[in-house]
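# Secondary and tertiary structure notes
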Amino acid sequence: MPTDDQTLCVHFLAARSAASDLRSWVVKHYFLQDSQLDINMTTTLRQLDHVLRSETFYGYDISQAPPALLTPIRHYIRLLWDGQRTLSGEHFPKKLFLKHKRISEITEATHIRHKGQNDA
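Chains are numbered independently. Their residues run from 1 in the order of the written sequence. Whole-chain, interface and lining totals are the exception, using all residues; otherwise, since this is a predicted model, local features are given only for residues with pLDDT of at least 70 and side-chain atom pairs are given and counted only at 80 or more. Each side-chain value is worked out from all heavy atoms of the structure, with water and hydrogens disregarded.

This paragraph deals with the environment of Ile39. Helix and strand definitions here come from DSSP, where helices need a minimum of 4 consecutive H or I residues and strands a minimum of 2 consecutive E residues; each element is numbered from the N-terminal end. Mapped onto the fold, Ile39 is located in the loop between helix H1 (5–29) and helix H2 (45–53). Per-residue accessibility, obtained with a 1.4 Å probe over protein chains only, is compared with the maximum for each type, and a residue is labelled buried under 20%, exposed over 50%, and partly exposed between these values. Overall, Ile39 belongs to the exposed group, its relative accessible area being 57%. For this analysis, residues touch if any pair of their heavy atoms sits within 4.5 Å. For Ile39, the residues in contact, after removing those within four places along its chain, are Arg23 and Tyr58.

Dropping the structure here:
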């Protein structure tokens, strides 16, 4: 049974927060400057999927990262794949990209709408 959008959105929000913290962990753990990791790439499907499939983030080994930073991302990606067989290669089905994009857009639109209501 496919995971509904509302459930995916909730898990995406948790993954987005964890990915931001994981990015900070990578910066500190590898003694990088913040500007070395493009913040706009933090929640791309490829970055998030690498956390699950190769234990890397921005190409850096994250096997020693705290589980609290990895678990929400892994859970979201598993739900996004929705039981489909994960391919060993780098290719994603187009519908997976579109589903992730839709979930990202829904959560962003909801965030902007709520932010506007709170500012009034």
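And the narrative resumes.
Residue types Ala, Val, Leu, Ile, Met, Phe, Trp, Tyr and Cys, when buried and joined through side-chain atoms within 4.5 Å, form a set referred to as a nonpolar core. Core analysis: the biggest nonpolar cluster contains 30 residues, and Leu22, Phe57, Ile62, Ile73 and Tyr76 have the highest contact counts within it. Residue assignment for this core shows that the elements contributing at least two residues are H1, H2, helix H3 (67–81) and helix H4 (94–119). Ranked by the residues each element gives to this core, the list is headed by H1, at 10 residues. Setting aside residues up to four positions removed in sequence, Tyr76 forms contacts with Leu8, His11, Phe12, Ala15, Leu48, His100 and Ile103.

Let's shift gears to H3. Helices are assigned an expected span. That span is 1.5 Å times one less than the residue count. In a regular helix each residue adds 1.5 Å, so 15 residues correspond to 21 Å; H3 covers 21 Å between its end C-alpha atoms and thus fits that length. Residues Leu69, Leu70, Ile73, Arg74, Tyr76, Ile77, Leu79, Leu80 and Trp81 constitute the buried set of H3. Where H3 terminates, the next one or two residues include Asp82, which has phi positive at roughly 55°.

This part takes up the packing of aromatic side chains. Side-chain rings of Phe, Tyr and Trp (the six-membered ring for Trp) are treated as a pair once their centres are within 6.5 Å; stacked means planes under 30 degrees apart, edge-to-face means over 60, and tilted covers the remaining angles. Per the stated rule, a full pass over the model turns up three aromatic pairs. Ring geometry for Tyr30 against Tyr60: centres 4.7 Å apart, planes inclined by 40°, an arrangement best described as tilted. One end of the pair, Tyr30, is in the loop between H1 and H2; the other, Tyr60, is in strand S2 (residues 60–61), with 30 residues separating them in the sequence.

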